[in-house]
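Notes for the structure review
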Amino acid sequence: QVQLVESGGGLVQPGGSLRLSCAASGFTLAYYAIGWFRQAPGKEREGVSRISGGDGSTYYADSVKGRFTISIDKSKNTVYLQMNSLKPEDTAVYYCAAAKTLRHYFLQSEYDYWGQGTQVTVSS
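Residues numbered from 1 in each chain as written. Predicted model: local features only at pLDDT ≥ 70, side-chain atom pairs only at ≥ 80, totals over all residues. Heavy atoms only, no water.

1. Looking at the state of the cysteines
Under the definition given, this model contains 1 disulfide. Through a disulfide, Cys22 is tied to Cys96; the S-S separation comes to 2.0 Å. Judged by the sign of its S-S torsion, about 70°, the bond between Cys22 and Cys96 is right-handed. Taken together, the residues span a long stretch of sequence, with Cys22 in strand S3 (residues 18–25) and Cys96 in strand S9 (residues 92–99) at a distance of 74 residues. Taking the relative accessible area as the measure of exposure, Cys22 reaches 0% and is therefore buried. (Disulfide = S-S within 2.5 Å. Helix = DSSP H or I, 4+ residues; strand = E, 2+ residues; numbered from the N terminus. Buried < 20%, exposed > 50% of the residue type's maximum accessible area, 1.4 Å probe, protein only.)

2. A short note on the side chain of Arg50
Mapped onto the secondary structure, Arg50 falls in strand S5 (residues 46–52). Buried and unpaired, Arg50 has Asp55 as its nearest opposite-charge partner, separated by 5.5 Å. At 2.8 Å, the side chain of Arg50 and the side chain of Ser57 are in polar contact. (Lys, Arg positive; Asp, Glu negative; His and termini not counted. Salt bridge = Lys/Arg side-chain N within 4 Å of Asp/Glu carboxyl O. Polar contact = N/O pair within 3.5 Å; in protein donor to acceptor, adjacent residues only side chain to side chain.)

3. A closer look at the pairing of strand S8 (residues 78–83)
Counting buried positions along S8 yields 5 of 6 residues, so the element is predominantly enclosed. Sheet analysis places S3 next to S8, joined by 6 bridges and oriented antiparallel. Counterpart to Cys22 in the pairing with S8 is Val79. Two successive antiparallel strands, strand S7 (residues 68–73) and S8, enclose a turn made up of 4 residues, where Asn77 displays a positive phi of approximately 55°. (Pairing = 2+ DSSP bridges.)

4. Topic: the packing of aromatic side chains
According to the stated counting rule, one finds 9 aromatic pairs in the structure shown. Judged by centre distance (4.9 Å) and plane angle (45°), the ring pair of Phe37 and Trp114 falls under tilted. Highlighted residues: Phe37 in strand S4 (residues 33–39) and Trp114 in strand S10 (residues 113–114), separated in sequence by 77 residues. According to the relative accessible area criterion, Phe37 is buried, its value standing at 0%. Grouped by ring-pair contacts, the aromatic residues Phe37, Tyr59, Tyr105, Phe106, Tyr111 and Trp114 constitute a single cluster. The cationic tip of Arg19 hangs over the ring face of Tyr80; the distance from NZ or CZ to the ring centre is 4.2 Å. (Phe/Tyr/Trp six-rings, centres within 6.5 Å; stacked < 30°, edge-to-face > 60°. Lys NZ or Arg CZ within 6 Å of the ring centre and 35° of its normal.)

Shown next, in the form of structure tokens:
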């Protein structure tokens, strides 16, 4: 079975940190592009970060640059999103997705596999 499973979400106070995990099964992430997306209630899903499983190159949305870090552990076939200095506007369901061919960082139609999402809530 081809599957992506996100975990690590939860409730944190502003300024806090969380690390999200995206575990893949049924395929190998090493030669895919992997993106993190998020969707807040009433808003469109938006791209957050992307990493190449091949060369490790990374890309971040301006809204999270300097606060979030994306990485891959190839031995565990897992992608991580370290989120620091969290803000209330980061509250959303976070999804990971994998693309075998990607020409646009956050063009969602180019991603082949999607996880079920994990909730992140940043609130005092």
